[in-house]
Amino acid sequence: MSQLNRVIAVMCDGKERTLRQTTRSVGQRMGKTTTIRNGKTYKNINKSARIKKLEKKLRREQRCLSRKYENLKKGESTQKNIQKQKLKVQKLHHKIDNIRTDYINKTIAEIVKTKPSYITIEDLNVSGMMKNRHLSKAVASQKFYEFRTKLRAKCDENGIELRVVDRWYPSSKICHCCGAIKKDLKLSDRIYRCDCGYVEDRDFNAALNLRDALTYEVA
């Protein structure tokens, strides 16, 4: 499974909890691609036009800041100009961060609103991924740690069991229909096709497998 994807499975088994439970079954996957809940697809907030526009503006202001530092060495700029430009960059960073945090809060609220009996998430080696220069920026923008921390807090608050499946569990490679493991599944394969005839979206198949996982730890 892609290291940049987070899979969440939410399953309601009809048991009575702090919240009044329903019998709905929900599977979610949030990451570089999409978030899926009961077949509903959510666009990645980092791929939205709003974030892209702000990130483009941020890059432009950062280049401007770099030029001012270079000009300072030549005596063509002042510390006051640099401080003004640094403030512009900081405000853009703050705005982008707030948009991502707001998206996380709303996503978690929607998950909890379904009143599940339990939620299953996949463990991720975030610190390890941050060391990979090809993944670090994308991982940081997904705010995986913040998502998990806030999700756990909401689960505790509402009496929902949060299950964590081992990071080596091959949720993307297992056929949810027959249980076969597709060892040659590539990262570019967005549709899961099994020899048994089962065809499903890769992320949704993984969410279903996480939902039904029998080996897990309770967070």
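So, here is what we can say about the structure in this document. Because the structure is predicted, anything quoted here is derived from the model rather than measured.

What counts and what doesn't
Residues numbered from 1 in each chain as written. Predicted model: local features only at pLDDT ≥ 70, side-chain atom pairs only at ≥ 80, totals over all residues. Heavy atoms only, no water. Helix = DSSP H or I, 4+ residues; strand = E, 2+ residues; numbered from the N terminus. Expected span 1.5 Å × (residues − 1). Core = buried A, V, L, I, M, F, W, Y, C linked by side-chain atoms within 4.5 Å. Buried < 20%, exposed > 50% of the residue type's maximum accessible area, 1.4 Å probe, protein only. Contact = heavy atoms within 4.5 Å. Phe/Tyr/Trp six-rings, centres within 6.5 Å; stacked < 30°, edge-to-face > 60°. Lys NZ or Arg CZ within 6 Å of the ring centre and 35° of its normal. Arc of directions from axis to C-beta. Pairing = 2+ DSSP bridges. Axes fitted to C-alpha atoms, helices over the stretch in contact; angles between N-to-C directions. Parallel < 35°, antiparallel > 145°, perpendicular 65-115°, else oblique. Left-handed = near helix turned anticlockwise from the far one by under 90°. Nonpolar A, V, L, I, M, F, W, Y, C, P; charged D, E, K, R; others polar.

Some words on helix H2 (residues 79-113)
- For H2, built from 35 residues, the straight-helix expectation of 51 Å at 1.5 Å per residue is met to within 8% by its first-to-last C-alpha distance of 50 Å.
- Of the residues one or two after H2, Lys-115 is the one with positive phi, at around 55°.

Structural notes on the nonpolar core
- Within the largest apolar cluster, twelve residues are counted, these being Ile-104, Ile-108, Ile-111, Val-112, Ile-119, Ile-121, Phe-147, Leu-151, Cys-155, Ile-160, Leu-162 and Val-164.
- Counting residues per element, the ones that place at least two in this core are H2, strand E5 (118-122), helix H5 (144-158) and strand E6 (161-165).
- Looking at which element gives the most residues to this core, the answer is H2, with four residues.
- Dropping the residues within four chain positions of it, Leu-162 is found in contact with Ile-119, Ile-121, Leu-151, Arg-152, Cys-155, Glu-217, Val-218 and Ala-219.
- The next biggest cluster of nonpolar side chains, apart from the first, holds eleven residues, and it includes Leu-58, Ile-82, Ile-99 and Tyr-103.

Overview of the packing of aromatic side chains
- The tally for this structure, following the rule as stated, stands at one aromatic pair.
- Here the basic side chain of Arg-163 rests over the ring of Tyr-118, its NZ or CZ set 3.6 Å away from the ring centre.

Some words on H5
- A rise of 1.5 Å per residue sets the reference length of H5, with its 15 residues, at 21 Å; its end C-alpha atoms lie 21 Å apart and thus fit the reference within 8%.
- All of the buried residues along H5 are Phe-144, Glu-146, Phe-147, Leu-151, Cys-155 and Asn-158. The buried residues of H5 occupy an angular sector of 160° when the element is viewed end-on, so they sit on one face. Among the exposed residues of H5, those oriented more than 90 degrees off its buried face are Tyr-145, Asp-156 and Glu-157.
- Note on H5: the residue one or two positions beyond its end, Gly-159, has a positive phi of about 70°.

Observations regarding the side chain of Ser-141
- Relative to the helices and strands, Ser-141 resides in helix H4 (residues 136-142).
- Judged by its relative accessible area of 13%, Ser-141 falls in the buried class.
- Once you skip the residues sitting within four places of it in the chain, Ser-141 turns out to touch Asn-46 and Arg-100.

Let's talk about the pairing of E6
- Counted residue by residue, E6 has four buried out of five residues, so it is predominantly covered.
- In the sheet, E5 pairs with E6 via five bridges, with the strands oriented parallel. Counted as the bridge partner of Ile-121 is Val-164 from E6.
- Pairing of E6 with strand E9 (residues 217-218) involves two bridges; the strand directions are antiparallel. Bridge assignment links Arg-163 to a residue of E9, and that residue is Val-218.

A closer look at the packing of helix H1 (residues 49-73) against H2
- At their nearest, the axes of H1 and H2 sit 9 Å apart, and the two run at 160° to each other. Put simply, H1 runs roughly antiparallel to H2. Crossing of H1 against H2: the hand is left-handed.
- By residue class, the composition of the contact of H1 with H2 is twelve nonpolar, five polar and nine charged.

What about the packing of H2 against H5?
- Running from N to C, H2 and H5 cross one another at 35°; their axes reach a closest spacing of 10 Å. Helix-helix and strand crossings are classified by hand; for H2 and H5 the assignment is right-handed. Residues Thr-101, Ile-104, Asn-105, Thr-107, Ile-108, Ile-111 and Val-112 of H2 touch H5, and the partners they reach there are Glu-146, Phe-147, Lys-150, Leu-151, Lys-154 and Asn-158.
- Residues of the contact of H2 with H5, tallied by class, amount to six nonpolar, four polar and three charged.

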